[in-house]
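Residue strings, one per chain:
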Amino acid sequence: MPQIYNMPSGVPFLRALALGLTDHFGDRLRDGLILLPTRRATRALAKAFVQQAYQEGRGATLLPRLRPLADVNPDEPPFEPGELAGRVRPAIDPVQRRFEIAQLVARYHERVSDLPLGPAAAVHMADPLISIMDDAALEDVRIQDQSEWAKICEQSAIHFQDAGRLYQIVETYWPERLQEIDMMEPNARRVALLKALADVWSEAPPDYPVVIAGSTGTLGATADLMKVVANLPDGMVVLPGLQDELPDAVWKRVDARHPQSSLKTLLSIMDIDRKEVRPWPWVGGLADVQRLKNRRRILAEALVPVDATGDWVGRIAALKDGANAHIFDEALEELSLLEARSDPEEALAIALILREALETPHRSAALVTPDQLLAQRVQTRLRRWGIDIAMSQGTPVEQTPIGVFLFAILGLAENPNSPAAMSQLLAHPLCCLGLAEGLAKQKWQVIECNEYRGLRRKSNASETEEIIALLNEALAPLQSLEANAIPDNWATALINVAETLARTDDQDGAFLAWRGEAGTQAAQSLDAIQQFGARIPETDVKGFADLLSTMLRKAIVRPEGSPHSRLSILGPLEARLLDADVIVLGGLNEGTWPAAVDVGPFLSRGMRKELGLSLPERRYGLAAHDFAELAANPVVYLTRSQKDDSGPTVASRWVWRLKTLLRGAMAADRVDTLLGQGQRFLDWARELDRVDRAVPAPRPNPTPPVEKRWARQGRQISITGVSQWIRDPYSLYGREVLRLKKLDPIGAPNDARHFGTAMHAGIEDYVKAVDDLGAAKNQPRLEAFFKEALLNAGYSEPDVFKESARISDLSENLVGWFESRSKRGFDVVGTEVEAAIMIEDLNFRLKGVLDLVERSPNGYAFTDFKTGKPASSKVIAAGFDLQLPLAGWLASQGAMDGLGQGTTEEMGYVRIKSSNNGFEHKSALQKGKEAKSADELIAQAIQVLRELIQRFDQPETGYASQPRAQYTNDYGDYDDLARRAEWMTAGPETDQ
């Protein structure tokens, strides 16, 4: 009889397998061959053999040969030296295949479309074709030889006919190309190897034990091999989770969506009746057999085919018959369903489950989910308790440091004058420029702050030139390429640039750039583009970056081992055959688990069925088998979120079916009680960060010690800072007490500040250089001073040229204004005049820089140049903007540098707009009977200042954030620090 066994669901598969094989084969097992579904399973089985030897008191053990079914290597024992030799050709390199199919796609696209197709787009379009080719190879069908294919090409919708033509071209050309280079499709080679192995073993059975374990035989060639192995003298097949509890009537209705679909098809191919499959005898002592049997029966019933649910009532009664009256209670012991309100809550609850497992010595736990975002959330929340755990799904190389480094290089190559791109590259740890590690970054940070953030200033020119020169020298291989080049040239240049940039003063750059698993995979991807990139269209640097992104996104860096010995995060594929004391099945929502199936753009579901390709339902069946196997473990938590970022979610069909079955078998409150055994984890998650009552954050009103209030530059303030002190004390607190200064965006475009600085500088230079300020003949000189000031402020020459018309108009207006002022008897006596005085009784210094100071027989006139909107005379008279009145007070005290004491006749603003060519002079003095004179405004201003100083010298006086509703600023530098968004709508604001 065929040696075929069934490993019951819920039993630790690999431990039971190791125990049984050792007992069955004895010492002969060391010469045996065991074929398992995945490499991870082979590693885990080796560990199980070692643990078993340790438990039996053996210090060492000789392991059998363990091989993955999906990757049989004819050059490895026991197949070499010649068992499979000559039966198959080598497999074509996956990148070569991908690029050559993309080349065909690109050429076809040139014929049917006028739109360009870059290499990345060609590769993306090739991938669905390759998927069909892979599927056809695995199913061992040749699409073009079928009559159904001709019907599809002639009678289907136009877009399917177009797709069919493209596929015909590929299928016509590709076998000839493979024959030419003497290679095979990877999946076709895999099928051919399995078939060859079946033929060899059928003709000459091996003289050592052969075991295939854990496979469902989804692939036809695998099923044929399993049939051969089951009939070998020393052969054995161990199936995973065949449900022998299903009634025959239900078994006959098992369809492609059912968990048993693959196993049913396998048994049919093997010509074995389900009753002939023997249960694995070696499970005693490894699990609570009866409880797991009850669990399996309930899960099997919950997942019966849809058309078999009409008899649920009768089958529920049969399940509960006789001694099995409590079968549902026993089956649900240690099986819980957690339905969180949101994704973050689900992640925290799972983290708490895993955290609790660590409280019991030697207890292991695993989260199994296909949802990588959920896995990352759980990973992050576990770090709350210092628990580091790796995800078996791995990380795309694109997201690793070497991936970020490569794309930063390409980003700068695409935008060589972009400060943001330059900063991204120079701030990367791998960018060393031949200097000591970290030194290039340190130098760049100084240059960046001085030259590329905010108002442009010059840093150490030699250091700037050194860094930029080193950077340009390193980037030369990329910059020397034509705008469009073949991808292999881009790859070669990128490799050279990366190694040059990563080189340090004492370390090999190549090692530094490509170190670690991520670096190795990145280097292999670039090497593949170098080798095969000439087969796809030319592209520019952006197109090459897109192509590299498609490559590195599919290159996955998997952890070599989990940082934690007892916790793991696995995908359903990685979790197959593995076991843990506590299993969490997370993300059980429709569209996540099971995932929505995409059949691709080229063939519909009906077409796939007609052509003999795999159907989406089969993937649902495989996913359902994974779920049934995992949910049958002794301690299981099923989790889902009721709402995600896009809105309400729908529970997984398996969860829904299980709940429906249970509510038909017992009272709803009993179901909720049994499935709610893990509710405490949700309760803990909700309590962990719960706030008893949401109270609006109060308006900040910090009261630092008086001696700390002026610690930055002493007890002093500028005349422009006084208005800020009145309107937003908190900003003064941020600057003077906390000593914080806003970091301007890097490479931000020139704005009103730059323009205003240039205008002030141009006027100052003009006044100093020209005697007759109001003479029309001097207008060109003023324009020249403005343009030079704009260049010094960071404007480029093209930008200055764009401003020429506005500068000309502004110069004409300003010269005319100087002439009118002269006719009124005002003479300019200084620009950018510094003034300062100590208020002795308050031990406080007032200072300022006065834009323009004029003098007439009646006194001084002060003018402030503004690019923004100046304060109105009403605001000044109300005491909310004291800049000009305080300038007058400084003049009255003789505090102006180089100018004598005097009264103030006039004060006002000249508005120089940064747009719309505006020019306006506005007096700060009101008109009318109630208007205050300059002397009255000055007296009021110094009184307000004295009161401010005295008030803030009181320890209880706080620094409120924008307390005056009429003078709020929506874009204050310290608004985020003051948490304005939290409290500004909580209630009415009041003046202080």
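Structural notes, computed from the coordinates. (Residues numbered from 1 in each chain as written. Predicted model: local features only at pLDDT ≥ 70, side-chain atom pairs only at ≥ 80, totals over all residues. Heavy atoms only, no water.)

1. Description of the overall build of the protein chain
Thinking step 1. When helices and strands are counted, the protein chain shows 39 helices and 21 strands.
Thinking step 2. With respect to the three principal axes, the spread of C-alpha positions in the protein chain is 125 × 70 × 65 Å.
Thinking step 3. Considering only contacts within the protein chain whose residues lie at least 6 apart along the sequence, 77% involve residues at least 24 apart.
Thinking step 4. Here the protein chain displays about 45,400 Å² of accessible surface, and carbon together with sulfur accounts for 49% of that area.
Thinking step 5. The distance from the centre of the 113 positive side-chain charges to the centre of the 137 negative ones in the protein chain is 4 Å. (Helix = DSSP H or I, 4+ residues; strand = E, 2+ residues; numbered from the N terminus. Contact = heavy atoms within 4.5 Å. Areas by Shrake-Rupley, 256 points an atom, 1.4 Å probe, with all protein chains shown as cover. Lys, Arg positive; Asp, Glu negative; His and termini not counted. Charge placed at Lys NZ, Arg CZ, Asp CG, Glu CD.)

2. Considering the nonpolar core
Thinking step 1. Within the largest apolar cluster, 88 residues are counted, with the highest numbers of intra-cluster contacts made by Leu 406, Ile 409, Leu 501 and Trp 514.
Thinking step 2. The residues contacting Ile 409, other than those within four sequence positions of it, are Leu 425, Leu 475, Leu 478, Leu 494, Val 497, Ala 498 and Leu 501.
Thinking step 3. Within the second largest apolar cluster, 81 residues are counted, among which are Val 200, Leu 246, Val 250 and Leu 662. (Core = buried A, V, L, I, M, F, W, Y, C linked by side-chain atoms within 4.5 Å. Buried < 20%, exposed > 50% of the residue type's maximum accessible area, 1.4 Å probe, protein only.)

3. Focus on unusual backbone geometry
Thinking step 1. With omega at 10 degrees, the peptide bond leading from Trp 593 into Pro 594 counts as cis.
Thinking step 2. Not every positive phi belongs to a glycine, and Glu 334 is a case in point at roughly 65 degrees.
Thinking step 3. You can see Glu 334 is positioned in the loop between helix 13 (327-331) and strand 7 (335-340).
Thinking step 4. Relative accessible area serves as the criterion here: at 34%, Glu 334 is assigned to the partly exposed category.

4. Some details on the packing of aromatic side chains
Thinking step 1. Tallying each qualifying case throughout the model produces 20 aromatic pairs.
Thinking step 2. Aromatic pair Tyr 5 and Trp 280: ring centres 5.3 Å apart, planes at 85 degrees, arrangement edge-to-face. Highlighted residues: Tyr 5 in strand 1 (residues 4-7) and Trp 280 in the loop between strand 6 (278-279) and helix 11 (289-302), separated in sequence by 275 residues. Neither Tyr 5 nor Trp 280 differs from the other in exposure class; each is buried.
Thinking step 3. Between Trp 725 and Phe 952, the aromatic rings sit 5.4 Å apart at their centres with planes inclined by 55 degrees, giving tilted as the arrangement. Of the two residues, Trp 725 sits in helix 30 (residues 719-727) while Phe 952 sits in helix 38 (residues 934-952), which places them 227 residues apart along the sequence. Phe 952 carries the same exposure label as Trp 725, and that label is buried.
Thinking step 4. We note Arg 65 situated over the ring of Tyr 208; from NZ or CZ to the ring centre the distance is 4.7 Å.
Thinking step 5. The ring of Tyr 620 is capped by Arg 653, whose NZ or CZ atom sits 4.4 Å from the centre of that ring. (Phe/Tyr/Trp six-rings, centres within 6.5 Å; stacked < 30°, edge-to-face > 60°. Lys NZ or Arg CZ within 6 Å of the ring centre and 35° of its normal.)

5. What about the pairing of strand 1?
Thinking step 1. Along strand 1, one buried face is formed by Ile 4 and Asn 6 and the opposite face, lined by Tyr 5 and Met 7, is buried too.
Thinking step 2. Here four bridges tie strand 1 to strand 5 (residues 235-240), and the two strands are oriented parallel to one another. Bridging from a neighbouring strand, Tyr 5 pairs with Val 238 of strand 5.
Thinking step 3. Here two bridges tie strand 1 to strand 6, and the two strands are oriented parallel to one another. (Pairing = 2+ DSSP bridges.)

6. Notes on the sheet that holds strand 3 (residues 65-68)
Thinking step 1. Sheet architecture is open: six strands sit in the order 3-2-4-5-1-6, paired in parallel fashion. Sheet topology places strand 3 and strand 6 at the edges, where each strand pairs with a single neighbour.
Thinking step 2. Two elements, strand 2 (residues 33-36) and strand 3, share four bridges in a ladder whose sense is parallel. Pairing of Ile 34 across the sheet is with Leu 66, part of strand 3.
Thinking step 3. Packing against the sheet, helix 1 (residues 13-25) makes contact with strand 1, strand 2, strand 4 (210-213) and strand 5, and its axis sits at approximately 160 degrees to strand 5. (Axes fitted to C-alpha atoms, helices over the stretch in contact; angles between N-to-C directions.)

7. Notes on the sheet that holds strand 12 (residues 582-585)
Thinking step 1. Reading across from one edge, 7-13-12-8-11 is the order of the five strands in this open sheet, with parallel pairing throughout. Of all the strands in the sheet, the pair left with one neighbour each is strand 7 and strand 11 (567-570). Taking each pair of neighbouring strands and ignoring which way they run, the sheet shows an average axis angle of 15 degrees.
Thinking step 2. In terms of strand pairing, strand 12 meets strand 13 (residues 636-641) through three bridges, oriented parallel. Bridge pairing in strand 13 places Leu 585 opposite Leu 638.
Thinking step 3. Packing of helix 26 (residues 616-631) onto the sheet brings it into contact with strand 7, strand 8 (365-368), strand 12 and strand 13, and relative to strand 12 it is tilted by some 145 degrees.

8. Considering the state of the cysteines
Thinking step 1. If you walk through the whole model with that rule in mind, you get zero disulfides.
Thinking step 2. Cysteine Cys 431 shares no disulfide, and the gap to the nearest cysteine sulfur, in Cys 432, comes to 6.9 Å.
Thinking step 3. On the basis of relative accessible area, Cys 431 is assigned to the buried category, the value being 2%.
Thinking step 4. Free cysteine: Cys 449, not disulfide-bonded; nearest cysteine sulfur from Cys 431 at 17 Å. (Disulfide = S-S within 2.5 Å.)

9. Looking at the side chain of Lys 659
Thinking step 1. On the secondary structure map, Lys 659 appears in helix 27 (residues 653-665).
Thinking step 2. When its relative accessible area of 18% is taken as the criterion, Lys 659 is described as buried.
Thinking step 3. When sequence neighbours within four positions are dropped, the list of residues in contact with Lys 659 reads Leu 337, Glu 339 and Leu 675.

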